[in-house]
Amino acid sequence: MRVTFAHHISLSYNGGGEKWIINTAKELAKKHDVEIYALPILLDGKPKIDPEKELDGIPYHEGYRHNISADV
């Protein structure tokens, strides 16, 4: 099954919701294909983490336009 997260803030913001997406995606990736899409928006203007390092190989796409295809 292909699982996709589409989030309204960059995961590099590293707030509570972004941490939840990273941890949930890692767990789901053990059994499913997971991808994450996000907008390049930060609430304070400074990235706190590098999402690609935190995601252990889970595909992460950041941009204003996405073409998303998934089961969930």
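From a predicted model like this one, the values you see are computed outputs, not experimental measurements.

Enquirer: Quick question: what am I supposed to make of the nonpolar core here?
Expert: Where a protein is soluble and globular, its nonpolar side chains tend to be buried together. One finds Phe-5, Leu-11, Ile-36 and Leu-55 to be the most contacted residues of the largest nonpolar core, which totals 13 residues. Looking at this core, the elements with two or more residues in it are strand S1 (2–7), helix H1 (16–28) and strand S2 (33–38). Once residues within four sequence positions are removed from consideration, Leu-55 is found in contact with Leu-11, Ile-22, Ile-36 and Tyr-60.

Enquirer: Even after reading the chapter, I still don't get unusual backbone geometry, so can you show me in this structure?
Expert: Residues other than glycine predominantly adopt negative phi, and peptide bonds predominantly adopt the trans conformation. We note that Asn-14 has phi near 60°; this positive angle belongs to a residue other than glycine. Of note, Asp-56 is a non-glycine position whose phi angle comes to about 50°, a positive value. Following the sequence through the fold, Asp-56 ends up in the loop between helix H2 (51–54) and strand S3 (60–62).

Enquirer: Looking at this structure, I do not really get the pairing of S2. What am I missing?
Expert: Residues in a regular strand point their side chains to alternate faces of the sheet. Burial runs high along S2: 5 of the 6 residues are buried. In this structure, S1 lies alongside S2, joined through 6 bridges in parallel fashion. Each bridged residue has a counterpart across the sheet, and for Ala-6 the counterpart in S2 is Tyr-37. Handedness of the S1-H1-S2 crossover: right-handed. Bridge count between S2 and S3: 3 bridges; the pairing is parallel. Residue pairing across strands places Ile-36 opposite Tyr-60, the latter belonging to S3.

Enquirer: Please explain the sheet that holds S1 as it appears in this structure.
Expert: Backbone hydrogen bonds hold the strands of a sheet together, and the pairing may be parallel or antiparallel. The parallel open sheet is built from 3 strands, whose spatial order is S1-S2-S3. Both edges of this open sheet fall to S1 and S3, since each of them pairs with a single strand only. Sheet twist, expressed as the average angle between the axes of neighbouring strands with direction ignored, equals 15°. Sheet strands touched by H1: S1 and S2. Its angle to S1, the strand with the most contacts, is close to 175°.

The rules we used
- Residues numbered from 1 in each chain as written.
- Predicted model: local features only at pLDDT ≥ 70, side-chain atom pairs only at ≥ 80, totals over all residues.
- Heavy atoms only, no water.
- Core = buried A, V, L, I, M, F, W, Y, C linked by side-chain atoms within 4.5 Å.
- Buried < 20%, exposed > 50% of the residue type's maximum accessible area, 1.4 Å probe, protein only.
- Helix = DSSP H or I, 4+ residues; strand = E, 2+ residues; numbered from the N terminus.
- Contact = heavy atoms within 4.5 Å.
- Pairing = 2+ DSSP bridges.
- Right-handed = clockwise from strand over helix to strand, strands pointing away.
- Axes fitted to C-alpha atoms, helices over the stretch in contact; angles between N-to-C directions.

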